[in-house]
Structure formats: C-alpha cells, structure tokens
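# Overview (structure and organization)
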Amino acid sequence: MSAVAWDPHAESRRMDEAVRLEGEQARSQDVLVRYWNKDMEEVGEEHSYLSLEFTYPRNAAGGLKMLCPRDMEHFDHLFNNDDLEDATIPITVNTKGFRWDGYITKASIVRDEHGVETVDIEAIHAWNHVSTICCWASPFAPILAQFPRHHIMFGPVRSMVTAYLTMNLMRLQGNTTFPIAVVPVDPLTDTSTWSAASARFDMADKLFQPMLEDSGVMLTARFFLPGEDEQPAPEWFYLDKPTVVLETVDKSGVTGPTGTLLDGIISWIEDFADDGTTPVRYPRFDSTTEYEAIYGQPGKFGTVKNFPWVWYFEGEYSGIGPSEVALHKPTATDVIIGGRSPGWVNAGIEYAIKGLLSLIGLDFLYRGQLDDIFLAWMVYQDKARIDRAGPYAFRELYITGSDKAFTLDGLVAGRQGLHLTRGYTSHKVTVEDNAPYLLGRDFGLGDQIGFALGDQVFTDFVTEFTFIDNRETAATWQITVGDGSDEEDSIVKAWQRLGRVASAIKDLSTDVGADLDLLII
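This report concerns the structure included in the present document. Here the residue index of a chain counts from 1 through its sequence in written order. In keeping with the predicted nature of the model, local features appear solely for residues at pLDDT of at least 70, side-chain atom pairs appear and are counted solely at 80 or more, and the whole-chain, interface and lining totals rest on all residues. Water and hydrogen atoms were dropped before computing side-chain values, which therefore reflect all heavy atoms in the structure.

Counting secondary structure elements, the protein contains eleven helices and 26 strands. To be clear on the numbers: accessible area is Shrake-Rupley with a 1.4 Å probe, and residue cover counts the displayed protein chains and nothing else. Approximately 27,500 Å² of the protein is accessible, and the part contributed by carbon and sulfur atoms is 56%. Per the convention used, a helix needs a DSSP run of H or I reaching at least four residues, while a strand needs a run of E reaching at least two, with both numbered from the N terminus.

Between any two strands, at least two bridges found by DSSP are needed for them to pair. Across the sheet, which stays open at both edges, the three strands sit in the order 10-14-13 with mixed pairing between neighbours. The open sheet terminates on both sides in strands that have one partner only, identified here as strand 10 (180-182) and strand 13 (217-224). Strand-to-strand twist in this sheet, taken as the mean axis angle between neighbours without regard to direction, amounts to 25 degrees. Where strand 13 and strand 14 (residues 243-250) come together, eight bridges link them in antiparallel fashion. Every axis in this analysis is a line fitted to C-alpha atoms, fitted for helices over the stretch in contact. Angles between the N-to-C directions lie between 0 and 180 degrees.

When we look at a pair of aromatic rings, we describe it by the centre distance and by the angle of the planes. Planes of paired rings set the category: under 30 degrees apart is stacked, over 60 is edge-to-face and the rest tilted, where pairs are Phe, Tyr or Trp rings (Trp by its six-membered ring) whose centres lie within 6.5 Å. Going through the model one piece at a time under the given rule, you end up with 15 aromatic pairs. Ring centres of Y103 and F223 lie 5.5 Å apart, and the angle between their planes is 70 degrees; this geometry places the pair in the edge-to-face category. Pair noted here: Y103 is in strand 6 (residues 98-111) and F223 is in strand 13, with a separation of 120 residues, a long-range link. Given a relative accessible area of 15%, Y103 falls into the buried group. Think of it in three bands: residues with accessible area under 20% of the maximum for their type are buried, residues over 50% are exposed, and the middle band is partly exposed, with areas taken using a 1.4 Å probe on protein chains only.

Of all the seven residues making up strand 3 (residues 51-57), five are buried; the element is thus mostly covered by neighbouring parts of the structure. Of the strand pairs in this sheet, strand 3 and strand 4 (residues 63-69) are connected by four bridges, and their pairing is antiparallel. Bridge pairing links E53 to K65 in strand 4. Connecting the antiparallel pair strand 3 and strand 4 is a turn made up of five residues, with N59 showing a positive phi of about 55 degrees. Examined bridge by bridge, strand 3 and strand 25 (residues 456-470) share seven bridges and lie antiparallel to one another. Residue pairing for strand 25: L52 is matched across the bridge by D469.

Right, let's get into the sheet that holds strand 20 (residues 334-338). If you trace the three strands from one edge of the open sheet to the other, you get 21-20-22, paired in mixed fashion. Only two strands of the sheet have a single neighbouring strand rather than two, namely strand 21 (377-381) and strand 22 (396-398). Neighbouring strand axes in the sheet, compared pairwise and without regard to direction, differ in orientation by 25 degrees on average. With three bridges joining them, strand 20 and strand 22 adopt parallel strand pairing. Across the sheet, V335 pairs through a bridge with L397, a residue of strand 22. Every residue pair with non-hydrogen atoms within 4.5 Å of one another is taken to be in contact. Where helix 10 (residues 408-420) meets the sheet, its contacts fall on strand 20 and strand 21, and the angle it forms with strand 20 comes to roughly 155 degrees.

Turning to the pattern of salt bridges, a few remarks are in order. Note on definitions: salt bridges are taken to be side-chain nitrogens of Lys or Arg within 4 Å of carboxyl oxygens of Asp or Glu. Summed over all chains, the structure comprises 18 salt bridges. As a salt-bridge pair, D403 and R340 come within 3.1 Å of each other at their nearest N and O atoms. Separated by 63 residues along the polypeptide, D403 in the loop between strand 22 and helix 10 and R340 in the loop between strand 20 and helix 8 (343-358) bring together distant segments of the chain. By relative accessible area, D403 is classed as partly exposed at 35%. Among the residues examined, R340 registers a relative accessible area of 38% and is labelled partly exposed. One salt-bridge network, held together by shared partners, links R34, E42, R99, D101, E228 and D229.

Two cysteines joined by a covalent bond between their sulfur atoms form a disulfide. Here, a disulfide means two cysteine sulfur atoms that sit within 2.5 Å of each other. According to the stated counting rule, one finds zero disulfides in the structure shown. Here C134 is not disulfide-linked; the sulfur of C135 is the nearest cysteine sulfur, at 6.7 Å.

One ladder, built from seven bridges, connects strand 4 with strand 7 (residues 117-125); its direction is antiparallel. When the bridges of strand 7 are listed, L67 appears paired with D120. As paired strands, strand 6 and strand 7 are joined by nine bridges and run antiparallel to one another. Opposite S108, over in strand 7, you have D120 as the bridge partner.

Right, here's the structure in full:
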C-alpha cells in the first residue's frame, strides 16, 4: 500500500486553522465566580457582576474588587448570613487556565447620587493565611514557658519555609493536612539556596520575605477542591475535603551539578566568587548552537543559570505595553556604619585599665570611660564611583542595620549600603496576554522573562498578574514584569544570607548564655 502523498497546501490550511482556533481559545475569557460557605461548600455562582478586577502578586496576598447590582442573587449570603459579621465567605474566580482563590473581607451597599444601589465586594487571596501564621520561638511548648528563646534553622530555603509552616500549623491545627496543608520537601534533594533564620514570634510573611526575595523561591497558596483539582502531593498525602494548600517552588532558574542539597551551598559559594563587575550574559539571538548553550550561563563550580526562553522585542506587534526604564543617580560615595565597639574590645580595655589601677588601689575609678571609642566606626568607599561622579558628588551617608562596624553584620551593612547608594537602571514592563505568549502555557507567576527595549536588554521575574473584566473592557490579563526597583547583585545577596546566618548564630549563643561578637578582621 503506497503512502499518501503529502499535500503542502492542505497542510498549510490545517496549520492556519489550528492557529486560528488557538487564538480564539486564548481570546475567550469565560469567567466563573463562585461563593462558598465557611465549610467550603458551594453556595452559588455570580453571573451579574458589573466589573471585576483581581491581582495575583508573587509572594504576597493579592486583592479582588467586584461590583454587583443590588438585586444580586446571593445578597443574603453576604448580608443576612446566619453567622452575621463573623461569617467566613470564600470566593473563587475561574478564568481560562487559572483560578483565583480567596476570602471576602468587605461587602458594602453603595448608593450613588441618582439613588442607584450597588454592592461593592472586596476580597483577599488565600496567601493571606501565610501573613496570619505566627512562628513561635518554641512551637511545641506552652505559651507560658517558651524555651528555647529562638527557633533557629539553617538549610535550603524551601525546606526551612516548609518546616516553619508545618510545625506552627501542627500547633494551630493539631495535624498537618487540614484545614491547611503544606506540601513537604525532601531536604536531601532540595537544591534551593541555603539561608538561616531565627524566629521569636515573627509573622511568617515577614520572616520569609528576605529569604524568598533573594533565593528565587516562590511560596504559593491555593484551594484544593475535591472533584475539581488534582491531588497536590499524592506521594506525601491524600486529601479528601476542601483544603488550603501551601507549597514552595524554586523559580531561580539555577541547576546544580549534584541534584542534592549541596547545590544550594555551591550556588552560594559561586555568588561570593562573583567579582561583582562581570555583566550578566544574555542569549545570543543569532546563534544556531544547541538550546542549552544559548539559554544557560555556566557557573564557576558547575551550576548553570538558565535564561528565559520567552523574549519580547520592541515593534508594532511586540505585545509590550506601558513600560518604564529609569536611570537613578548615586546618592552617596561614602558609607558610614557603627556606633559601638566589639564586646571583646571594651572588655579588654576594661581588664587592662582596671588591672593597672588595682596596683594602686584605684580600680574603682574606671567606669567604662573608654567604651565604644576604639574600632566603633568604619567608612566604606567606592573609589571607582568617586572617580566617575567627580568632585561635586554627594558624599556621606550613615547606614543603620549594624551598630558594630567590625563584626560580620557590620560588613554586610557596609556592603549593602554601597550597593543601595549606587547609580543603577531600573525597569518595569507590562505585557499583554497572547501577544504572542500565553499565560499559563508559556510562562507563569515567578518565571523569568526577557526584554529588549532599544539598547536595554534585561531579564526579570513575572511579579504580578492583574485580571480586568467590566462593561467597557473585554476580559483581559495585564502581566507585570519587574517592580521598578534595583536588582541586587549576587555578592550583596550572598553577604545578606551570611548576615542571617550570623544573626542566627548570635541568637543561639545568647540563648546558651554567651554573647559573641563575630570578629572578621
């Protein structure tokens, strides 16, 4: 039997039809809004809203605003609920390939100047559960006897965040899977960057924020709805009722040579080995070599930093919306830190002077007159910045964050101060969905995207989704990349992580009765 002859025209028509259908599906933004009761039982759907807008930011709780007519079907569920003002009312919004899960925080009956009444609904994303979990000093001890005084952890960021959440949810819930479940992480195969933390009744979002920010790890929250969602962690547990699921995801784009927890340490060491001046290499758009060579940058110790494959270029059909590339000038060339001498300096001076005075019986005269005089202050300068900025540049800035200059956290504060006062270029870009990349198919929240705006070529994380649907604007997504702030260099991030390690060690030493000043010179 002979093979069917290939018809290029028929194949072309088939491909054109496939592209057309894909475009229609992408433009179709059917929206399903549902209300639930406090036990996560569906109450009903909302089909009459006048406007709807919600946001989904990275590592934060986004918000929702919805305007409905006064005669909305589920008015009584909001305003005449059996549990009155204390009723918890979950709300979900399904769009193509994405669901927003949250809780109504405010419902208002608003009358305008014409006497027309509407219902204004505000909600907050389920991620807010993270903001309302307190990390106790000792999660399994009674509140009246909290020992040890700090809950200290060292390790990969994903494992640390998961452990803090799991232990404090066990304290709150008596179990680890209901009503909030945390997807476990195997520490042995956790390749996220290492860090340290010390909790003493810190709110979880504040405790995690610096670790998540500089590691590329994203903490997500979502509802698990039986019959609608797949099991979030079938290898760890099985859920059979509606549950809030918290999960950490490594979005750093860095892969290591071992596939184990050692990769996080190797990546950290590479950050210290960075000279701080070598520019980031971007993909060679005209290259014809293999994908990995174009979209990856090998590190000095075997890691690979992957670049995004989603790139936007300026042009009539680029999909780039409002954007801002801003040039910021340096605010200082000299950074001053300190205020107190290391403990061993004050103690040494006291010991020496009192020893000498005791020979003549006058040791009582010394009462710390020379405390905090020697090695109490330090100035960090950027010589190259001074040369570039010229004689009229702004000179000095006192940096808080460390009251001892010659300690590890003092060095971190000085290094960070020089970085925060430097000149830099920031960027913030919005892009339209399906132009040409599709949200959910080609990229998601926390992923990296690349841009070429004129001579500016940069990559940044997708920081926020915004969905808008109203009577004047068709349902559409606005995708924000970057936040308009300066990007910290790798060395500063590495020192900050080391600073957190030093802080944790100091808390540990204090808890066991020692007060260590970590000398670095």
